[in-house]
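Analysis of the macromolecular model
Read off the chains here:
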Amino acid sequence: MTRVKYCGFTRIEDVQAAAALGVDAVGFVMTRKSKRFVDLAQAVALRDAVPPFVTTVVLVMDDEPAWVDEIVRRVRPDMLQFHGAETDEACAAHGVRYLKAIAMGEGEGALPRLRAYPRAAGLLLDGHGLGETGGSGQRFDWSAMPRDLAQPLVLAGGLTADNVAEAIRLARPWGVDLSSGIETSPGLKDRAKMECFLAAVRAVPSA
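Quantities reported herein were computed from a predicted structural model and do not represent experimental measurements.

The next subject is the nonpolar core. Across soluble globular proteins, nonpolar side chains have a tendency to be buried as a group. Among the nonpolar cores identified, the biggest contains 60 residues, and Tyr6, Phe28, Met30, Leu155, Val176 and Phe197 are the most heavily contacted of them. In this view, Met30 contacts Phe37, Val38, Asp39, Leu40, Ala43, Val58, Leu59, Val60, Asp63, Trp67, Ile71 and Val75; residues no more than four positions away in its chain are not counted.

Here is the structure:
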């Protein structure tokens with residue numbers, strides 16, 4: 001079963017709709033570099049709207065450690081997701097399980113970084129370029145997904161209900177993550193798009 005995470009929520013009703021549809025995880029963006037940024041008060045309200053058994057993830061990118069610690073204390077996410085140049089040690093320093101995003105838009109130059117985060121609970125392979133934020137809707141060559149890493153791999157970048165079946169067949173990821181593919185505008189989710197995407201994922205036969 002391919003797990004599904006929707007990211008970049010800014011409205012409580014969208015979080016509730018995603019959870020009701022059966023998404024596995026929801027993400028909140030708390031780096032000010034992003035147009036989907038939510039502050040502490042917004043993030044707490046969004047977190048409190050998440051029902052049991054749905055994982056909450058907060059995305060940061062080269063943010064001050066003190067800010068990340070404040071997020072952990074106030075928002076209480078289940079996981080952190082790092083999108084910048086953070087080291088494995090820096091990512092693990094906050095005492096919360098973490099995902100590390102790898103910018104696959106760089107091509108082969110990104111491959112060594114896949115082995116640089118041994119403490120990561122999983123690696124998120126996104127289509128954006130090095131130094132760019134996620135949620136751009138850019139895709140990469142899905143056949144480049146490695147097969148020999150111990151950590152679960154999450155596929156992101158340019159996914160839609162129309163192409164996710166192909167992506168899963170080519171990449172065989174543990175999970176998929178998207179933001180722009182289910183939006184009407186940055187941070188505003190479309191329930192019909194969320195429902196269609198989940199249906200498309202579930203229609204793919206298990207390996």
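It is worth spelling out the sheet that holds strand S7 (residues 153–156) at this point. One closed barrel holds the 8 strands; their spatial order is S1-S2-S3-S4-S5-S6-S7-S8, and the pairing between them is parallel. In this sheet, adjacent strand axes meet at a mean angle of 25° when their direction is disregarded. As paired strands, strand S3 (residues 55–60) and strand S4 (residues 79–82) are joined by 4 bridges and run parallel to one another. The partner of Val58 across the bridge, within S4, is Leu80. Along the sheet, helix H3 (residues 65–75) contacts S3 and S4; its crossing angle with S3, the most-contacted strand, is approximately 160°.

Here the focus is the packing of helix H1 (residues 12–21) against helix H6 (residues 191–202). In contact at an axis separation of 10 Å, H1 and H6 are set at 25° when each is read in the N-to-C sense. Classified by the angle between their axes, H1 and H6 sit roughly parallel to one another. In the crossing of H1 with H6, the sense of the turn from one axis to the other is right-handed. Here Asp14, Ala17, Ala18 and Leu21 of H1 lie close against H6, whose contacting residues are Arg191, Met194, Glu195, Leu198 and Arg202.

A few words on the pattern of salt bridges. Any two side chains of opposite charge can pair, on the condition that their charged atoms come close. Overall, the coordinates contain 11 salt bridges when judged by the stated rule. Residue Asp14 pairs with Arg11 through a salt bridge whose shortest N-O separation is 2.8 Å. According to the relative accessible area criterion, Asp14 is buried, its value standing at 5%. Residue class for Arg11 comes out partly exposed when judged on its relative accessible area of 27%. Here Arg73 ties to Glu70 by a salt bridge, and the two come within 3.1 Å at their closest N and O atoms. Remark: Glu70 and Arg73 occur in helix H3; sequence separation between them is 3 residues, near one turn of the helix. Residue classification places Arg73 among the exposed residues on the basis of a relative accessible area of 56%. The class for Glu70 is partly exposed, based on a relative accessible area of 23%.

What you see with S7 is no split at all: Leu153 and Leu155 on one side and Val154 and Ala156 on the other are buried throughout. Sheet topology places strand S6 (residues 122–126) next to S7; 3 bridges connect them, and they run parallel. Bridge pairing links Leu124 to Val154 in S7. Inspection of the sheet shows S7 paired to strand S8 (residues 175–178) by 3 bridges, in the parallel sense. Among the inter-strand pairings, Val154 is bridged to a residue of S8, identified as Gly175. Viewed along the sheet, the connection from S7 through helix H5 (residues 164–171) into S8 turns out right-handed.

Rules of the game
Residues numbered from 1 in each chain as written. Predicted model: local features only at pLDDT ≥ 70, side-chain atom pairs only at ≥ 80, totals over all residues. Heavy atoms only, no water. Core = buried A, V, L, I, M, F, W, Y, C linked by side-chain atoms within 4.5 Å. Buried < 20%, exposed > 50% of the residue type's maximum accessible area, 1.4 Å probe, protein only. Contact = heavy atoms within 4.5 Å. Pairing = 2+ DSSP bridges. Helix = DSSP H or I, 4+ residues; strand = E, 2+ residues; numbered from the N terminus. Axes fitted to C-alpha atoms, helices over the stretch in contact; angles between N-to-C directions. Parallel < 35°, antiparallel > 145°, perpendicular 65-115°, else oblique. Left-handed = near helix turned anticlockwise from the far one by under 90°. Salt bridge = Lys/Arg side-chain N within 4 Å of Asp/Glu carboxyl O. Right-handed = clockwise from strand over helix to strand, strands pointing away.

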